[in-house]
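Geometric and topological summary
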Amino acid sequence: MASVTFDHVFKRFGDVVAVNNLNLEIADKEFLVLVGPSGCGKTTALRCLAGLEDVSEGQILIGDQVVNDVAPKDRDIAMVFQSYALYPHMSVFDNMAFGLKLRKRPKEEIKQRVQKAAEILGIEHLLDRKPRQLSGGQRQRVAVGRAIVRNPKVFLFDEPLSNLDAKLRVETRANISKLHHDLQTTFVYVTHDQVEAMTMATRIAVINKGILQQVDTPQVLYDRPDNLFVAGFIGSPAMNFFPATLRKSDGKLFVDGGTFNVQIPEGKSAAYMGEVDKQIIFGIRPEDIHNPQFAPPGITVQPVEALVDVTELMGNEIFLYLKSGEHNFVARVDPRSRYQVGDKTQMVFNMENIHIFDRETEAAVR
């Protein structure tokens, strides 16, 4: 078992900086997820850790050992790729055992390790089958099992669920989380899917354009994003953003969005007094916009007039796509709500859970 450290790591491809001064410490036995949009540098960072890419500058440590010049096979890591990369002519047993055979481990040890890994993954009845006889989810578990038998210090996962259907992704997310709990090993997991990140991670590192934006627990990233990018990336549907101005009147603070004017609760206004008369970005999540009839008790609400543009009934909730002047936004409302496209209605904003961002720097104002 081991910690992982990225110490001022750069990775350049010609003039392109794929990883830009990455500083990140991953604790022993932690489940850390690197998340960000396609092309942000998260997979490149993982490949540098695996030794599949050379670091342009900086150091990567596994435990106390600098591994920049250590061959991938000697780093004591195991990687599960987006492509399962199973040998089609080999049985499941032989696919899982292949790496151990290359290392000339004793036959009995190989058998025990494969059997144990298969039992953990629930595929012990598949050991005699060929990959073509397996479903996508079963192949994915074989690929994970091939990594488990290595008993590595660090597991690396590069978007392993992207080839699975929606139902199987949910099931496999739970299986990988349980696997981490059972193995008590360091997991570093790359995905562009923030739902995967939120449901699986001990901590999440959000990356954009090669730069680490914020690293923290899923709940902190959701509740207290450091900047506009993190706020918009974490959460589904994404946070609503409105260009606005902070105004002060009669000692009270208001968000002036042009077509709406909502008061900030007195308990929160002190943090924003330095932004009065400045142009800001006002953020509020869809789940904090309510049908007034079903607004939760005990919250501070402000009314906003809106026009219903699209409705999406999800069963346990309704997504409303709304317009207020030139502003488009999404609300996540109680399924008992009754709205039709074209309805003029009044929604209420939960002002306890608002976010304010500097328009120029895009940094959160707190």
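Residues numbered from 1 in each chain as written. Predicted model: local features only at pLDDT ≥ 70, side-chain atom pairs only at ≥ 80, totals over all residues. Heavy atoms only, no water.

For the rest of this paragraph, the subject is the side chain of His355. Along the chain, the position of His355 falls in strand 20 (residues 355–358). A relative accessible area of 13% places His355 in the buried class. (Helix = DSSP H or I, 4+ residues; strand = E, 2+ residues; numbered from the N terminus. Buried < 20%, exposed > 50% of the residue type's maximum accessible area, 1.4 Å probe, protein only.)

For the rest of this paragraph, the subject is the nonpolar core. Among soluble globular proteins, nonpolar side chains are generally buried collectively. One finds Met96, Ile148, Phe155, Phe187 and Tyr189 to be the most contacted residues of the largest nonpolar core, which totals 45 residues. When sequence neighbours within four positions are dropped, the list of residues in contact with Ile148 reads Ala117, Leu121, Phe155, Leu179 and Leu183. Grouped together as the second largest cluster of nonpolar side chains are 29 residues, Phe242, Ala244, Leu246 and Phe349 included. (Core = buried A, V, L, I, M, F, W, Y, C linked by side-chain atoms within 4.5 Å. Contact = heavy atoms within 4.5 Å.)

Turning next to the sheet that holds strand 11 (residues 240–249). Pairing is antiparallel in the open sheet, where five strands are placed in the order 13-12-11-14-20. If you trace the sheet from one side to the other, it starts and ends with strand 13 (261–263) and strand 20, each paired once. Sheet twist, expressed as the mean angle between neighbouring strand axes with direction ignored, is 40 degrees. As paired elements, strand 11 and strand 14 (residues 279–284) share six bridges and run antiparallel to each other. The residue bridging Thr245 from the neighbouring strand is Gln279, located in strand 14. (Pairing = 2+ DSSP bridges. Axes fitted to C-alpha atoms, helices over the stretch in contact; angles between N-to-C directions.)

This part takes up the packing of aromatic side chains. Taken as a whole, this structure holds 17 aromatic pairs when the rule is applied. On the basis of an interplanar angle of 40 degrees and a centroid distance of 5.1 Å, the ring pair of Phe157 and Phe187 is categorised as tilted. In this pair, Phe157 sits in strand 7 (residues 154–158) while Phe187 sits in strand 8 (residues 186–191), placing the two residues 30 residues apart along the sequence. Given the relative accessible area of 0%, Phe157 is considered buried. Classification of Phe187 as buried rests on a relative accessible area of 0%. By the ring-pair criterion, three or more aromatic residues cluster together here, those being Phe31, Phe155, Phe157, Phe187 and Tyr189. Lying over the aromatic face of Phe13, Lys11 brings its terminal NZ or CZ to 4.9 Å of the ring centre. (Phe/Tyr/Trp six-rings, centres within 6.5 Å; stacked < 30°, edge-to-face > 60°. Lys NZ or Arg CZ within 6 Å of the ring centre and 35° of its normal.)

A word on the pattern of salt bridges. Per the stated rule, a full pass over the model turns up 15 salt bridges. Residues Asp277 and Arg247 are paired through a salt bridge, measuring 3.6 Å at the closest nitrogen-oxygen approach. One end of the pair, Asp277, is in the loop between helix 9 (266–269) and strand 14; the other, Arg247, is in strand 11, with 30 residues separating them in the sequence. Accessibility expressed as a relative area gives 53% for Asp277, which makes it exposed. (Salt bridge = Lys/Arg side-chain N within 4 Å of Asp/Glu carboxyl O.)

In spatial order, the strands read 15-19-16-17-18; together these five strands make up an open sheet with antiparallel pairing. Here the strands that pair on one side only, and so sit at the sheet edges, are strand 15 (289–290) and strand 18 (327–333).

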